[in-house]
Amino acid sequence: MVWLFLPLVLSLKACHSVVEAPPQDPQRPNIVLIFTDDQGYGDVGVFGAADIPTPNLDGLAAEGLLLTQFYASQPVCSASRASLLTGCYANRIGIHNALMPDSPVGLNPREETLAEVLKARGYRTGIFGKWHLGDHPAFMPTQQGFDTFFGIPYSNDMWPLHPQQGPVFDFDPLPLYEQQTVIDTLEDQTFLTREITRRSVAFIEENKETPFFLYVPHPQPHVPLFVSDRFRGKSGRGLYGDVIMELDWSVGEILGALKKHGLEDNTWVIFTSDNGPWLSYGNHAGSAGPLREGKGTAWEGGVREPTIMRYPGKLPAGEVRDTPFMAIDLLPTIAGQAGAPLPEQPIDGKDIWPVLTGREQASPHEAYFYYYRVNELHAVRSGPWKLYFPHRYRSMEGQPPGSDGLPGEYVYFELQAPELYNLQEDPSETREVSGLHPDVMDRLTRLADSARLRFGDALTGVEGTQTRPPGRVEESQ
């Protein structure tokens, strides 16, 4: 038997989910958030991918904003998604790493998601793709503010065909959900991007008369890679490039549906990814472009994401924003445009609308903090400066990469002393300059200490005073 410690909260959420959506309102823009999985900074044409055609994303950038320094809060699936949907650093709300199937932990139903924030303003809400914030029924999307869910509950490699099934893992079949019901278990995923797209387009048509929030967290290009026959062999970068081409096609289908129904001018479209490329998979991994390292590290390649926004008439077209932003900022910024109140509990994101529009230049944040693993503070960024603290990190430096779906072996390095980089002058993080800037070192260290007091830091043994527990189920006889 499994019992949940939050039945009252869940019942309140169920009541909240039946709010009727009022007619479309220009003060309540539709929100389309397209979120890919493990896509590298260098995997979109406008971000430097010369060997992967991405005409729809390139066109989206031409009609909107290119954000060159937009960050995931952590370089890993569940923590990144928790931040995106709650506006909180994931460690504030107790979500760490990537949750495994049947995890007793999930996103606490007491947290307010972006879907719930918008639902309170009369939005219809749908998610088509990957959830990965807990697969117990109490943690699933329809209990967290989404009216509609189709997709998988966790990463697409958490299945019996994993290359390390047996020695390392013992995964059950990968379930495919519609709402709270498993409708299939997957052995072949070649249809999934197309079906996610079809259902996203249908959701737009079904809700064209009401404000809606469409969240499309694609399971691709996370390994194992799958692509339909239409795109197989079409790119200049093998199967990985083919997958990106199909994702770009999906973006085009969604944009086409908005145009068909006359919704372009009142829809804010956001495209980004959850973390950097999984470099150990070699030719099945993406590229971080000029950035250092990839997924599973706080170096720039692990957390800086290719990000594009379009909102005609509200955001400038064809412009670039180099100001640092983080996924935690999306909830408060979207809420501001929708006229929705912020969650009652403290969040960490800030409204970046004035910077997006160009009215202001400076970030509303004094600093961003980069946590990983179980509450380890690896780095802090303020202005052009990024300071790394001693920690252990993985790398493929000097290692043979994996190929054709099999991973290579990481080597691990110990950062013995703090390292400082000026990302404005050195985005590839090749020139360590701590000895030249003691004043910057002091300032960023003080900022990090303030974060440790709030959220804790396992590396220094500090327990935070402003953290909240995740949702948790417990076993009983």
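Preceding this section is the structure that the text describes.
The rules behind the values
In this numbering scheme, every chain counts its residues from 1 along its sequence in written order. Given that the model is predicted, a residue must reach a pLDDT of at least 70 before its local features are reported, and side-chain atom pairs must reach 80 or more before they are shown or counted; all residues, however, enter totals for whole chains, interfaces and linings. Hydrogens are left out, water is left out, and the side-chain values use all remaining heavy atoms of the structure. Residues grouped as a nonpolar core are buried Ala, Val, Leu, Ile, Met, Phe, Trp, Tyr and Cys residues, joined through side-chain atoms within 4.5 Å. Think of it in three bands: residues with accessible area under 20% of the maximum for their type are buried, residues over 50% are exposed, and the middle band is partly exposed, with areas taken using a 1.4 Å probe on protein chains only. Where helices and strands are cited, they refer to DSSP runs of H or I of at least four residues and of E of at least two residues respectively, numbered from the N terminus. Between two residues, a contact is recorded if the distance between any of their heavy atoms is within 4.5 Å. This arc is taken over the directions from the axis of the helix to the C-beta atoms. Paired strands, as defined in this entry, are two strands with at least two bridges between them according to DSSP.

A. Molecular detail of the nonpolar core. Phe 213, Tyr 215, Trp 268, Leu 356, Phe 369 and Val 380 are the most contacted members of the largest nonpolar core, which totals 83 residues. When residues of this core are assigned to their parent elements, the largest contribution, seven residues, is made by helix 10 (residues 438-455). Not counting residues up to four positions away in its chain, the partners in contact with Val 380 are Ala 367, Tyr 368, Phe 369, Tyr 370, Trp 385, Lys 386, Leu 387, Phe 389, Leu 444, Leu 447 and Ala 448. Within the second largest apolar cluster, 38 residues are counted, among which are Tyr 41, Phe 150, Leu 174 and Leu 258.

B. Broad picture of helix 2 (residues 55-62). Along helix 2, the residues that are buried comprise Leu 57, Leu 60 and Ala 61. When helix 2 is viewed along its axis, its buried side chains cluster within an angular range of 100 degrees and face the same direction. Turned more than 90 degrees from where helix 2 packs its buried face, Pro 55 and Ala 62 sit exposed. Elements that come into contact with the buried residues of helix 2 comprise strand 3 (65-71), helix 6 (238-260), strand 10 (267-273) and strand 11 (304-310).

C. Structural view of the pairing of strand 11. Extensive coverage of strand 11 is indicated by the burial of seven of its seven residues. Judged by which residues are buried, strand 11 turns out to be covered on both faces: Arg 304, Pro 306, Ile 308 and Arg 310 on one side and Glu 305, Thr 307 and Met 309 on the other are all buried. Judged from the five bridges that link them, strand 3 and strand 11 form a sheet pairing that is antiparallel. Looking at the pairing, Tyr 71 lines up with Arg 304 of strand 11. Note that strand 10 and strand 11 share three bridges and pair antiparallel. When the bridges of strand 11 are listed, Val 269 appears paired with Arg 310.

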